[in-house]
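# Architecture at a glance
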Amino acid sequence: MAFNYLNLPFESIVLPYDDEATPIKLMGKKMLPIVEFADGSLSNESLDIIKKMDSANTLSFNLLTEERLTQVNELLSKIGKDVHCLCMPYWMWTPEFNEKSRKYFQTKKEVKRGPFNKLILDKETYLKGLEVTLSALESKITTFYESEEISIIDIMIASHLWGMFIFPEFQFSNKIFDYLQRIKKECNFEYHIDFWKD
Ligand SMILES: N[C@@H](CCC(=O)N[C@@H](CS)C(=O)NCC(=O)O)C(=O)O
């Protein structure tokens, strides 16, 4: 999303989820995304990556004061808690996965969250949690998050929320839906295009 917004050319390579060797070889730990810059240097921290590429600060990193960063990280962790429980059982059926990586993903994630079938049986709990978090988020959105212009904060939030489009029958409120569409338009972003293009 950020690279498109900044109009930066990039090539995206999707690694199989069970590929531990590549990220460990590159960065010493199994965590994505990893970016290799034109000068050959590497980074696996999204915010550092975007900040480095946004030299003109068009994504207003200055809005991310220490206080706001704490606030936004709290919001993201609340969103993540429910979105992950609701969506992981569905994400594993996207073309990102094959049989082997799907099994690896499920086994790994069930250690923390419990059986995937139970997550779906308990969906109302997570949906309710998400509804509470999103209605608090609504009060922060004017055109974007506490701003009339898009900022890095919107990219952080949208990247945590897009996943919900896979959850059957889920509907964002009109306000959140319109907010996400504004971000999508600014970033020329197509969810999961990497998996569906040739
Ligand atoms: N602080 C990092 C966090 C990246 C992160 O949490 N990546 C997840 C995927 S979204 C990951 O690679 N987790 C390891 C795993 O699931 O095996 C960032 O913002 O880029």
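None of the values given here were measured: they were computed from a predicted structure. (Residues numbered from 1 in each chain as written. Predicted model: local features only at pLDDT ≥ 70, side-chain atom pairs only at ≥ 80, totals over all residues.)

### What about the overall build of the chain?
- The secondary structure content of the chain amounts to ten helices and two strands.
- Counting helices and strands in the order they occur from the N terminus, the chain gives α-α-β-β-α-α-α-α-α-α-α-α.
- By the compact-globule yardstick of 16 Å for 198 residues, the chain fits well, its C-alpha radius of gyration being 17 Å.
- Structurally, the chain occupies a C-alpha span of about 45 × 45 × 35 Å along its principal axes.
- Counting only residues that meet the buried cut, the chain has 16% of its 198 residues in that class.
- Across the chain, every contact between residues at least 6 apart in sequence was considered, and the portion connecting residues at least 24 apart equals 67%. (Helix = DSSP H or I, 4+ residues; strand = E, 2+ residues; numbered from the N terminus. Rg over C-alpha atoms; globule rule 2.2 N^0.38 Å. Buried ≥ 20, exposed ≤ 12 C-beta atoms within 10 Å, placed from the backbone. Contact = placed C-beta atoms within 7 Å.)

### What about the nonpolar core?
- In terms of nonpolar packing, the biggest core is built from 25 residues, with Ile152, Ile155, Ile157, Ala158 and Leu161 touching the most fellow members.
- Per-element tally for this core: the top contributor is helix 8 (residues 152-161), with seven residues.
- Shared between two domains, this core holds at least three residues of each, these being domain 1 (2-53) and domain 2 (61-192).
- If sequence neighbours within four positions are ignored, leucine 161 has contacts with Ile79 and Leu180. (Core = buried A, V, L, I, M, F, W, Y, C linked by C-beta atoms within 7 Å. Domains from an automatic or database assignment.)

### Considering helix 4 (residues 66-91)
- A rise of 1.5 Å per residue sets the reference length of helix 4, with its 26 residues, at 38 Å; its end C-alpha atoms lie only 33 Å apart and thus fall more than 12% short of the reference.
- In helix 4, a bend of some 40° at histidine 84 exceeds every other bend along the element.
- Within the span of helix 4, buried status applies to Leu75, Ile79, Asp82, Val83, Cys85, Leu86, Pro89 and Trp91. (Expected span 1.5 Å × (residues − 1). Bend = angle between axes of the 7 residues up to and from the residue.)

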